[in-house]
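Chain by chain, the residues run as shown.
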Amino acid sequence: MIGQAVNRVDGPLKATGRAAYAYEHWEAGQPLYGFIVGATIGKGRITRIDTEEARNAPGVHLVMTHLNAPAQGPRDESIPFEYWRAQPVLTGPDIHFYGEPVALVVAETFEQARDAGDLVEVEYRVGRGRFDFGEFEDDVYIPKTVNAGLPTDTAVGDFDAGFAGAEVKVDQQYTTPYEFSMPIEPNACMAAPRGEDLVVYVSCQITDAARDSVASTLMMDPERVHIVTPFVGGGFGSKLGIHSETILAALAARALGRPVKVTLTRQQVFQLVGMRPTSSQRVRLGAGRDGRLAAIAHDVTMHTNPDVEYAEQTAATVRSLYAAPHRLTSHRLTALDLPRGSDVRAPGEAPGMLSVESAMDELADVLGMDPVELRIRNEPTVDPERNVPYSDRHLVECLREGAHRFGWENRPATPASVREGRWLVGYGVSAAIRGHFQGPTTVRVRLEPDGTAVIQTDMTDIGTGTYTILTQVGAEGLGLPLERVRIDLGRSDHPSSWGSGGSWGATNSSTAVYRACMALRTKLLDAARGDTRSPLHGRDPADAVFSDGTVAIGDASEALSEIVARHHPDGVEAEGQTRFMGDDPNYSDYSINTYGAHFAEVGVDADTAEIRLRRMLGVFSVGRLFNPKTARSQLIGGMIWGVGAALEEEAVVDPRSGAFVNRDFAGYLVPVHGDIPADIEAVVLEGYDDKANVLGAKGIGEVGICGSGAAVANAVFNATGVRVRDFPITLEKLLPGLPAMVG
Ligand code: MOS
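Treat the numbers as computed from the prediction; the structure is a model and nothing was measured.

### A look at the overall build of the protein chain
Scanning the protein chain for helices and strands turns up 18 helices and 29 strands. Taking 27 Å as the expected radius of gyration for a compact globule of 743 residues, we find that the protein chain reaches 27 Å, a close match to that expectation. Based on the C-alpha atoms only, the size of the protein chain along its principal axes is roughly 85 × 75 × 50 Å. Within the protein chain, the fraction of its 743 residues that count as buried is 62%. In the protein chain, the share of contacts with a sequence separation of at least 24, taken over all contacts with a separation of at least 6, comes to 80%. Carbon and sulfur atoms provide 49% of the accessible area of the protein chain, an area that totals close to 27,100 Å². Of note, the protein chain has its 69 positive side-chain charges centred 1 Å away from the centre of its 98 negative side-chain charges.

Listed below in structure tokens is the structure:
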């Protein structure tokens, strides 16, 4: 079952509209609707807030502001991960960023709430905000660590000497903009009181974090908070934690004793959820004429919110990517009065690889060397900064296989040398690497007397295919047909997991399912072998084969349902666990990553600089695959996101107010079908990483976006001879440098 291209088991539910998302649960009764009123300044203080007219508007039940909001627990910085901390709202008159909630209006209908929201009168004393990254880029501080607890700076060898002595150098500055996760389903929550308890239907990636966060904010016993999140319409990091929509819904539901729903509008998602920080990145590469790197440095400056520090691990990927004796990485932050920075798919890796892999292309160009060959020449034998072996590294195979399949030998050797009609044509390549992580996860597998299995965990399916792959792993683990395995996800009352995020969800939960199945096998075998009524009585369990709902030892066999019915008339269950990586020696003894190589072909209009992606290929090494169909979707999705990062995505801040000016899909461009050719493919090399986990699998959610933008950017350079280092590469940046063509 594992490794087969099984269709999504939840597909029919979704296609027929029966999958209930956070805003669509009706079982708790008729809800009230909340609407968030946001600040219209970016920095300052509320001097007067008048809610009388809003309170008297039709259908309105409550207007909550900082003047009447219940007391809430403080954010506890000693809790290691932000997403498990309290997230108090409406705590005072100070405004920290544009759009920050200043009121919640709760009414009978969404329209009434929104309408009454316009009647809330707010007067401000406007403060002097720091909004413009460029203006404050040099006013930096050094964070203690960066995201995921990674070191802020690293140094190996003597970079300055190594770089100074290098025969060939690249020293360039790259900039990347604010970017947003923007899942299809906006952040939403319905909170419903149930006696002293609170049921919270919320669109989130980590159920356990949502429960802790709601409980500590509302100062409740976590046992009394019940998170329910069976279906999530995408997350990409923006739902790792909960936000004001959830806390406001919970506060209002408790205050009114009624279910209350709060959703963000698309514009509010751009204001209240957090974004990938903007970055300025200096990359220095020093090499010999043979292309061997002597020195690599990656220095990054990013924005952060002053109250909620977030440092994307932008310079972290290069630490494990290429061999070089002299190395340097650093992260610096400048505090701006903007929404907090937050995890957006492949945090750090995506913008970091965009720059580093562009710089590698620049080095290849200076050397006059094939960029695939340059990368292969710098393949390390051990992790160059941690000095430990790689568990299972196949970057070179990805590059070679991709070059072969893509027809890399047809790449124009000289930039701007191939023209087809109005199109300048170019090829680009990039490497991809991403760390693989493991977190504590518990799963319960229960075998019912009728021989069906139920798998329970608070793990989420954010559209990635969790339901499907856990069905496959459970079916294989117990030797059951797929249709006799039922998956019950997204409830905080189930055993807890690290949820979906960091590309760890699939392997954490699958490994725990597998272990639970093995424990269940042992229970069943022990029962049967010790039972004189069983045909398996006294047989050697080492020879047991579980398949099609039966267990066989030699020529004897018995149905699982019979063993369960006889020994466990109420069903039998077992738990399986995945360890925190810090307690698993493999994760300190080996550098465990996923790898890939991206290849892109673009056409650039010689007159207008319009860029069209013509085809794209990614070849990946990610250990063993659970399901090639769901995997392909994720990998291609990541690659397409990289196309957006290279060519389209950019949120722009108004330097006067701190507001994002293009806060909708008309102004914030992401790739649509018309931007992506049919000829885009992801290929996965067969593999098994025995250091990662017992199933040999690694995360695939984020490696697809790592480097893919650079392949596109490098293809643009190959097509035009113009290097744009300020992403995204838009027409007005490319056009002035285009070669004058005749004919
Ligand atoms: Mo991912 S940015 O860890 O959801």
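### Some remarks on the sheet that holds strand β28 (residues 611-621)
Reading across from one edge, β18-β19-β27-β28-β29 is the order of the five strands in this open sheet, with mixed pairing throughout. Strands with a single pairing partner mark the edges of an open sheet, and in this sheet they are β18 (419-420) and β29 (680-684).

### Focus on the pattern of salt bridges
Counted by the stated rule, this structure contains 54 salt bridges. Residues D392 and K698 are paired through a salt bridge, measuring 3.9 Å at the closest nitrogen-oxygen approach. You can see D392 sitting in the loop between α10 (371-377) and α11 (395-406) and its partner K698 sitting in the loop between β29 and α17 (708-720), a full 306 residues away along the chain. Between E420 and R614 there is a salt bridge, with the nearest N and O atoms lying 3.1 Å from each other. In this pair, E420 sits in strand β18 while R614 sits in strand β28, placing the two residues 194 residues apart along the sequence. The class of R614 is partly exposed, set by a relative accessible area of 26%. Salt bridges sharing common partners tie together R75, E77, E82, R85 and R340.

### Some points on the environment of E108
Tracing the backbone shows E108 in the loop between β5 (101-107) and α3 (110-117). Given the relative accessible area of 34%, E108 is considered partly exposed. It is 8.6 Å that separates the C-alpha atoms of E108 and P58, two residues lying 50 residues apart in sequence. Residue contacts for E108: discarding those within four places in its chain leaves P31, L32, Y33, G59 and H61.

### Some points on the domain arrangement of the protein chain
On domain assignment, one finds that the protein chain holds domain 1 (11-128 + 181-272), domain 2 (279-437 + 587-742) and domain 3 (441-579). Once you take the C-alpha centre of each, domain 1 and domain 3 turn out to be 38 Å apart. Summed over both sides, the interface between domain 1 and domain 3 buries roughly 1,400 Å², with carbon and sulfur atoms accounting for 49% of that surface. On the domain 1 side of the contact with domain 3, Q205, T207 and P230 bury the most area, a combined 28% of that side's loss. Counting across the interface, domain 1 meets domain 3 through zero salt bridges.

### Overview of the packing of aromatic side chains
Per the counting criterion, the structure on display carries 21 aromatic pairs. Ring geometry for Y23 versus Y33: centroids 6.1 Å apart, planes at 70°, classification edge-to-face. Of this pair, Y23 sits in the loop between α1 (11-15) and β1 (32-38) while Y33 is found in strand β1, placing the two residues 10 residues apart along the sequence. Residue classification places Y23 among the partly exposed residues on the basis of a relative accessible area of 21%. For Y33, a relative accessible area of 12% puts it in the buried group. Three or more aromatic residues link up through ring pairs in this structure, and these residues are F81, W84, F437, W498, W504 and F580.

### Quick notes on the side chain of R276
Within the element layout of this structure, R276 appears in the loop between α8 (266-272) and β15 (279-287). Taking relative accessible area as the criterion, R276 reaches 1% and is therefore assigned buried. There is a polar contact of 2.7 Å between the side chain of R276 and the side chain of E312.

### Looking at the pairing of β1
Most of β1 sits out of view: six of its seven residues are buried. Relative to strand β14 (residues 260-263), β1 runs parallel, the two sharing three bridges. Within β14, the position partnered with G34 by the bridge is V262. Direction of pairing for β1 relative to β5: antiparallel, over a ladder of six bridges. What sits directly across from Y33, in β5, is A107.

### Let's talk about the sheet that holds strand β10 (residues 168-176)
Pairing is mixed across the open sheet formed by five strands, whose spatial order is β9-β17-β16-β15-β10. Strand pairing shows two members of the sheet lacking a second neighbour, β9 (154-156) and β10, which therefore form its edges. The mean inter-strand angle of the sheet, taken between neighbouring strand axes irrespective of direction, is 10°. In the packing of helix α9 (residues 349-367) onto the sheet, the strands contacted are β10, β15 and β16 (293-304), and the crossing angle to β10 comes to about 150°.

### Things to note about the packing of helix α12 (residues 466-478) against helix α13 (residues 505-529)
Viewed as axis vectors pointing N to C, α12 and α13 meet at an angle of 25°, and their least axial separation amounts to 9 Å. Here α13 runs roughly parallel to α12, going by the angle between their axes. As for how α12 packs across α13, the hand of that crossing is right-handed. Contacts between α12 and α13 involve T466, I469, L470, V473, G474, E476, G477 and L478 from the first element and A506, S509, S510, V513, Y514, C517, M518, L520 and R521 from the second. Classifying every residue of the contact of α12 with α13 by side-chain character gives 10 nonpolar, five polar and two charged.

### Let's talk about the pairing of β29
Sheet topology places β28 next to β29; five bridges connect them, and they run parallel. Bridge assignment links M616 to a residue of β29, and that residue is I680. As a crossover connection, the stretch from β28 through helix α16 (residues 628-647) into β29 is right-handed.

### What about unusual backbone geometry?
Cis geometry is adopted by the peptide bond preceding P728, which originates at F727 and carries an omega value of 0°. Inspection of the secondary structure puts P728 in the loop between α17 and α18 (731-734). Unlike most non-glycine residues, A148 shows phi in positive territory, near 70°. With respect to the helices and strands, the residue A148 is situated in the loop between β7 (145-146) and β8 (150-151). Classification of A148 by relative accessible area gives partly exposed; the value is 45%. Phi at D548 takes a positive value of approximately 50°, unusual for a residue other than glycine. Topologically, D548 is positioned in the loop between β23 (544-547) and β24 (550-553). According to the relative accessible area criterion, D548 is exposed, its value standing at 61%.

### Some points on the side chain of T217
Take T217: it is sitting in helix α6 (residues 207-218). Among the polar contacts listed, one links the side chain of T217 to the backbone oxygen of S213, at a separation of 2.5 Å. Residues in contact with T217, not counting those within four places in the same chain, are A71, Q72, G73, A86, Q87, P88 and I247.

### Looking at α12
Between its first and last C-alpha atoms α12 spans 18 Å; for 13 residues at 1.5 Å apiece the expected length is 18 Å, and the two agree. Of all 13 residues that make up α12, 12 are buried, and the element is covered over most of its length. Looking at α12, one finds that the buried residues are T466, Y467, T468, I469, L470, T471, Q472, V473, G474, A475, G477 and L478. A positive phi of about 65° marks G479, the residue just after α12.

Rules behind the numbers
- In every chain, residue numbers begin from 1 and rise along the written sequence.
- With pLDDT at 70 or above as the cut-off, local features in this predicted model cover only qualifying residues; side-chain atom pairs require 80 or more to be listed or tallied, and sums for whole chains, interfaces and linings still use all residues.
- In computing side-chain properties, one takes all heavy atoms of the structure into account and sets aside hydrogens as well as water.
- Per the convention used, a helix needs a DSSP run of H or I reaching at least four residues, while a strand needs a run of E reaching at least two, with both numbered from the N terminus.
- When we talk radius of gyration, it's over C-alpha atoms, and the globule rule is simply 2.2 Å times the number of residues to the 0.38.
- Partly exposed residues are those whose accessible area sits between 20% and 50% of the maximum for their type, while under 20% is buried and over 50% is exposed, using a 1.4 Å probe and protein chains only.
- Here, two residues are considered to be in contact whenever any of their heavy atoms come within 4.5 Å of each other.
- Under the convention used here, a 1.4 Å probe and the Shrake-Rupley method define accessible areas, while residue burial counts only the protein chains that appear.
- Only four residue types enter the charge count, namely Lys and Arg as positive and Asp and Glu as negative; His and the chain termini do not.
- Charged groups are reduced to one reference atom each: NZ for lysine, CZ for arginine, CG for aspartic acid, CD for glutamic acid.
- Only strands joined by at least two bridges in the DSSP assignment are considered to pair.
- Salt-bridge detection follows one rule: a side-chain nitrogen of Lys or Arg within 4 Å of a carboxyl oxygen of Asp or Glu.
- Throughout, the edges of the domains are those of an automatic or database domain assignment.
- In short, buried area is how much 1.4 Å probe accessible area vanishes from two parts on joining, totalled over both.
- Two aromatic rings, drawn from Phe, Tyr or Trp (for Trp, its six-membered ring), form a pair once their centres lie within 6.5 Å of each other, and the interplanar angle then sorts them: stacked below 30 degrees, edge-to-face above 60, tilted otherwise.
- Within 3.5 Å is the distance limit for a polar contact, defined as a pair of N or O atoms, with the added protein rule that one can donate a hydrogen and the other accept it, and that residues adjacent in sequence qualify only through two side-chain atoms.
- Note on geometry: axes are C-alpha line fits, over the in-contact stretch for helices, and angles between N-to-C directions span 0 to 180 degrees.
- What sets the label is the angle itself: under 35 degrees gives roughly parallel, over 145 gives roughly antiparallel, 65 to 115 gives roughly perpendicular, and the rest give oblique.
- Crossing handedness: left-handed means the near helix sits turned counterclockwise from the far one by under a right angle, and right-handed means the same turn made clockwise.
- Amino acids are sorted into nonpolar (Ala, Val, Leu, Ile, Met, Phe, Trp, Tyr, Cys and Pro), charged (Asp, Glu, Lys and Arg) and polar (every other residue, Gly among them).
- With its strands directed away from the observer, a crossover is right-handed exactly when the path from the first strand over the helix to the second travels clockwise.
- What a helix is expected to span follows from its residue count: subtract one and scale by 1.5 Å.

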